[in-house]
2 protein chains.
Amino acid sequence: MTPNTILDIVKECDNFIYYADNPTEYITTLQTHYYAFKVSNCASILGYIPASLIPQIPWNPETWHIDHESHTVTLTAPPPATNRSRLLEQTLREVGPQISLLRGWRNETFPVYGPSQGEVLLEIERCASALFGIVTYGVQLLCYERGRPAATIITRECPSDEAASASGGGNSHPIKLWIARRSSSKQTYPGMLDCTAAGGLPTGKSPLEGVIAEALEEASLPESLVRTRLRATGCVSYFHVRGPKAGGETGLLQPEVEYTYEMELGGAVRPSPSDEEVEEFRLWEVEEVLDALRRGEFKPNSAVVVVDFLIRHGLLTAENERDYVHILPRLHRRLEFPLCIYR
Amino acid sequence: MTPNTILDIVKECDNFIYYADNPTEYITTLQTHYYAFKVSNCASILGYIPASLIPQIPWNPETWHIDHESHTVTLTAPPPATNRSRLLEQTLREVGPQISLLRGWRNETFPVYGPSQGEVLLEIERCASALFGIVTYGVQLLCYERGRPAATIITRECPSDEAASASGGGNSHPIKLWIARRSSSKQTYPGMLDCTAAGGLPTGKSPLEGVIAEALEEASLPESLVRTRLRATGCVSYFHVRGPKAGGETGLLQPEVEYTYEMELGGAVRPSPSDEEVEEFRLWEVEEVLDALRRGEFKPNSAVVVVDFLIRHGLLTAENERDYVHILPRLHRRLEFPLCIYR
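Residues numbered from 1 in each chain as written. Chains lettered and ligands numbered in written order. Predicted model: local features only at pLDDT ≥ 70, side-chain atom pairs only at ≥ 80, totals over all residues. Heavy atoms only, no water.

Novice: Which residues make up the pattern of salt bridges, and what are the values?
Specialist: Scanning the model with the defined rule gives 34 salt bridges over all chains in all. A salt bridge links aspartate 14 of chain B to arginine 330 of chain B, with the shortest nitrogen-to-oxygen separation between them at 3.1 Å. Within this pair, whereas aspartate 14 of chain B is found in the loop between helix 1 (6–13) and helix 2 (23–33), its partner arginine 330 of chain B is found in helix 9 (residues 324–331), the two being separated by 316 residues in sequence. For aspartate 14 of chain B, a relative accessible area of 0% corresponds to the buried category. Judged by relative accessible area, arginine 330 of chain B falls into the buried class, the value being 10%. Via salt bridges that share partners, Arg231, Glu262, Asp308 and Arg312 of chain A belong to a single interconnected network. (Salt bridge = Lys/Arg side-chain N within 4 Å of Asp/Glu carboxyl O. Helix = DSSP H or I, 4+ residues; strand = E, 2+ residues; numbered from the N terminus. Buried < 20%, exposed > 50% of the residue type's maximum accessible area, 1.4 Å probe, protein only.)

Below is the structure:
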């Protein structure tokens, strides 16, 4: 397989068509293959449900209005959010085993935000979020080290001293990244490469609380260390169409916002697996990371976080990456849905 | 005046309407108030010229085709780029004194890129770029320091010790920024606040060459220092409509890409004015910077670079900035024009 460009990798994550690139295809795709998801008395489209799934969900007419003409699914249940959430859950519980994603029920919900001032309109069971194509939020943490003199960098994980080849963007010590390999038994993206720790943000958890929890659960990094060293660096956003590597249904729309964090480690501190999610952590040279990115070995939304890191640290630059100015807007797509506002 | 939110500040720079927010207004605005700028045998729109300027430019019919029906200005001169550039310059030289921007002729050109593989279609005199609404490129450098213990931070510029109030995002030492004030005699944005050094990228200059030159010319920072400490951190992009603060014609469209750089300083090294462009440099607390941003004291495209810096360094976070997830996409707008590709 021909190695991909970095822009190709980013496009694999942000792979829903842009209106400006082909207005007709954009509109036809959404109107033909999807039903818009709405709640009554709110004009905003909150997500998109694949048309193929509509007949498989038992829409109770007391709770739902399905308009096959305009391709719209409206939750007609009145507020408060708890009422809407309860009725949505009831519907999902009645879905048969034919929708495989719902077999991964987690008893954890994601919030769905409305258009004014970040109010939560309803909550939805996590495993169902992709079916409804709502915007979901997550956190991603990348830990890194700055290379030390040759004598000290010889470890089991990184026995050779090729580190010097990667320039650390204005720093004399080359950067290395703590990359995780996902367990081969994971339901989604088994065996693929990942950031150091990552996870979805369920209802009520702030991004900071989320990243602290994931760092501990996935990488055994204690809260006290994380609170001292963590740096928030922004967020990436993209509009993903779920492909076959993900496992489960394909063609689902997944507009996502991932809050990004980084943390410099060194000395004896290192991430280590603490649950079944991660197979191994290894300290990777930047060149190794770039090769793995190009070969498509990273989970798509981890790849974009790594690319964002490499740009932020001056390791991908306007001079060494031809598509530089095309990459950054695709890492920060403006999602045409109501989004989270923190109050 | 009510202080603005950070999102308001970003919207003042990225102030051209989005298609998705109002498709009708977007299309009407471009089709009524502007003429699309094209070259023959290339389908891409390269920029937009205000309709009000069309009668003021002596379009030689041997070089130009003006279609008042479709609101299109086409440079019909054949390639190579040098030929197109020469004929465009000839036209601009014949414009009378009624277009004030052209009085600032600089004998420096900006490249205009085509849609395939970053070929340069033509070059355009720098002061005319905004008239044609083409995408321009620039560099912005922010220098910063990490606060030191109280005893050493007492300088003429920063006599008090309130630095500790600003948290440096995972670093125990608070960050301070080297902010420039533009000379009150500057043609554009006189007296406003700026990054440490910035400038446009004329034809043939790489972003790295550009930032090294600007750091020396505007801030007296020697090349050897910059080459060692500089870190490339990405680029911001936005679609600006020129307002009255800029000086000169208003309503001009300015889609721009600014390559961003940062550099940590400390000790005796500090920026100092070396030409008439900058009135003074001062080391600012983060809280002071935020206040000045909210009061609208920064030049619009310097403000967005500062906001990007504050996010990257964990000083604006999801928890302390309510519009966090709305800000980042507007700092990285996808511009619907052919863009630079480095080869």
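Following the structure, the description resumes.
Novice: Summarise the sheet that holds strand 2 (residues 47–50) of chain B; cite the residues concerned and give the values.
Specialist: Residue and element names in this part refer to chain B. The strand order across the open sheet formed by four strands is 2-1-4-3, and the pairing between neighbours is mixed. On the outer flanks of this sheet lie strand 2 and strand 3 (64–67), each paired with one strand and no other. Taken over all neighbouring pairs, the strand axes of this sheet differ in orientation by 25 degrees on average, direction set aside. Where helix 2 meets the sheet, it contacts strand 1 (34–39) and strand 2, and its direction lies at approximately 75 degrees from that of strand 1. (Pairing = 2+ DSSP bridges. Axes fitted to C-alpha atoms, helices over the stretch in contact; angles between N-to-C directions. Contact = heavy atoms within 4.5 Å.)

Novice: Help me get a handle on the interface of chain B and chain A, residues and values and all.
Specialist: Facing the 47 residues of chain B at the interface are 47 residues of chain A. Each partner contributes to the roughly 3800 Å² buried at the junction of chain B and chain A, and carbon and sulfur atoms together form 57% of this total. Considering only the surface of chain B that becomes buried against chain A, Arg231, Arg322 and Arg334 of chain B emerge as the three largest contributors, covering 18% of it. Where aspartate 21 of chain B meets arginine 334 of chain A, a salt bridge forms, and the shortest distance between an N and an O atom there is 2.8 Å. Applying the counting rule to chain B against chain A returns 17 residue pairs in polar contact (both at pLDDT 80 or more). Only helix 5 (207–219), helix 6 (223–229), strand 11 (231–241), strand 12 (253–264), helix 8 (300–312) and helix 9 of chain B provide two or more residues apiece to the side of chain B that touches chain A. Partitioning the side of chain B that touches chain A into residue classes produces 21 nonpolar, 14 polar and 12 charged. (Buried area = accessible area lost by both parts, 1.4 Å probe. Polar contact = N/O pair within 3.5 Å; in protein donor to acceptor, adjacent residues only side chain to side chain. Nonpolar A, V, L, I, M, F, W, Y, C, P; charged D, E, K, R; others polar.)

Novice: How would you sum up the packing of aromatic side chains? Please name residues and give values.
Specialist: Overall, the coordinates contain 27 aromatic pairs over all chains when judged by the stated rule. Ring centres of phenylalanine 37 of chain B and tryptophan 64 of chain B lie 6.4 Å apart, and the angle between their planes is 40 degrees; on these two criteria the pair is classed as tilted. Of this pair, phenylalanine 37 of chain B sits in strand 1 while tryptophan 64 of chain B sits in strand 3, and the two are 27 residues apart along the sequence. Tryptophan 64 of chain B shares its class with phenylalanine 37 of chain B; the two are buried. One Lys or Arg, arginine 333 of chain A, reaches over the ring of tyrosine 18 of chain A and ends 3.6 Å from the middle of that ring. (Phe/Tyr/Trp six-rings, centres within 6.5 Å; stacked < 30°, edge-to-face > 60°. Lys NZ or Arg CZ within 6 Å of the ring centre and 35° of its normal.)

Novice: Can you explain helix 5 (residues 207–219) of chain A? Please cite residues and give values.
Specialist: In a regular helix each residue adds 1.5 Å, so 13 residues correspond to 18 Å; helix 5 of chain A covers 17 Å between its end C-alpha atoms and thus fits that length. Listing the buried residues of helix 5 of chain A in full gives Pro207, Gly210, Val211, Ile212, Ala213, Glu214, Ala215, Glu218 and Ala219 of chain A. (Expected span 1.5 Å × (residues − 1).)

Novice: Tell me about the pairing of strand 7 (residues 136–146) of chain A, and name the residues and values.
Specialist: All names here are of chain A. Counting buried residues along strand 7, 11 of its 11 residues qualify, which places the element largely inside the surrounding structure. In strand 7, alternate side chains face the same way, and those of Thr136, Gly138, Gln140, Leu142, Tyr144 and Arg146 on one face and Tyr137, Val139, Leu141, Cys143 and Glu145 on the other are all buried. When strand 7 meets strand 12 (residues 253–264), the two strands line up parallel, connected through nine bridges. The residue bridging glycine 138 from the neighbouring strand is glutamate 258, located in strand 12. Pairing of strand 7 with strand 10 (residues 197–200), which is carried by four bridges, proceeds in the antiparallel orientation. Bridging from a neighbouring strand, glycine 138 pairs with glycine 200 of strand 10.

Novice: Which residues make up the pairing of strand 6 (residues 120–125) of chain B, and what are the values?
Specialist: Remember that side chains alternate between the two faces of the sheet whenever the strand is regular. Residue and element names in this part refer to chain B. Here strand 5 (residues 109–113) pairs with strand 6 via five bridges, running antiparallel. Pairing of phenylalanine 110 across the sheet is with isoleucine 124, part of strand 6. Linkage of strand 5 to strand 6, two consecutive antiparallel strands, is achieved through a turn of six residues, within which glutamine 117 is found at a positive phi near 60 degrees.

Novice: So what about empty space enclosed by the protein? Which residues, and what values?
Specialist: Where empty space is left in the structure can be found by rolling a water-sized probe over the atoms. As enumerated under the stated definition, the model contains seven cavities of 30 Å³ or more in all. Size it by volume and the largest cavity reaches roughly 140 Å³. Forming the walls of the largest cavity are 16 residues, and the residues nearest its centre are Asp308 and His332 of chain A together with Thr233, Asp308 and His332 of chain B. Those elements giving two or more residues to the lining of the largest cavity turn out to be strand 11 (231–241) and helix 8 (300–312) of chain A together with strand 11 and helix 8 of chain B. Of the residues belonging to the lining of the largest cavity, the class tally is six nonpolar, six polar and four charged. (1 Å grid on protein atoms, 1.4 Å probe; cavity = no way out; pocket = protein on both sides within 12 Å on 5 of 7 lines; lining within 4 Å. Points joined across faces, edges and corners; volume = space filled by probe spheres on them.)

Novice: Talk me through the relation of the copies chain B and chain A; I want residue IDs and the actual numbers.
Specialist: The transformation that overlays chain B on chain A combines an axial shift of 0.0 Å with a rotation of 180 degrees, and the residual RMSD is 0.0 Å. The two molecules are tied by a two-fold rotation axis, judged by turn and shift. By C-alpha distance to the rotation axis, the residue of chain B lying nearest is histidine 332 of chain B, at 3.1 Å. Take the interface residues of chain B: 100% of them recur as interface residues in chain A, which is what a same-surface contact looks like. (Least-squares fit on C-alpha atoms with pLDDT ≥ 70 in both.)

Such coordinate-based values are descriptive only and should not be taken to indicate function.
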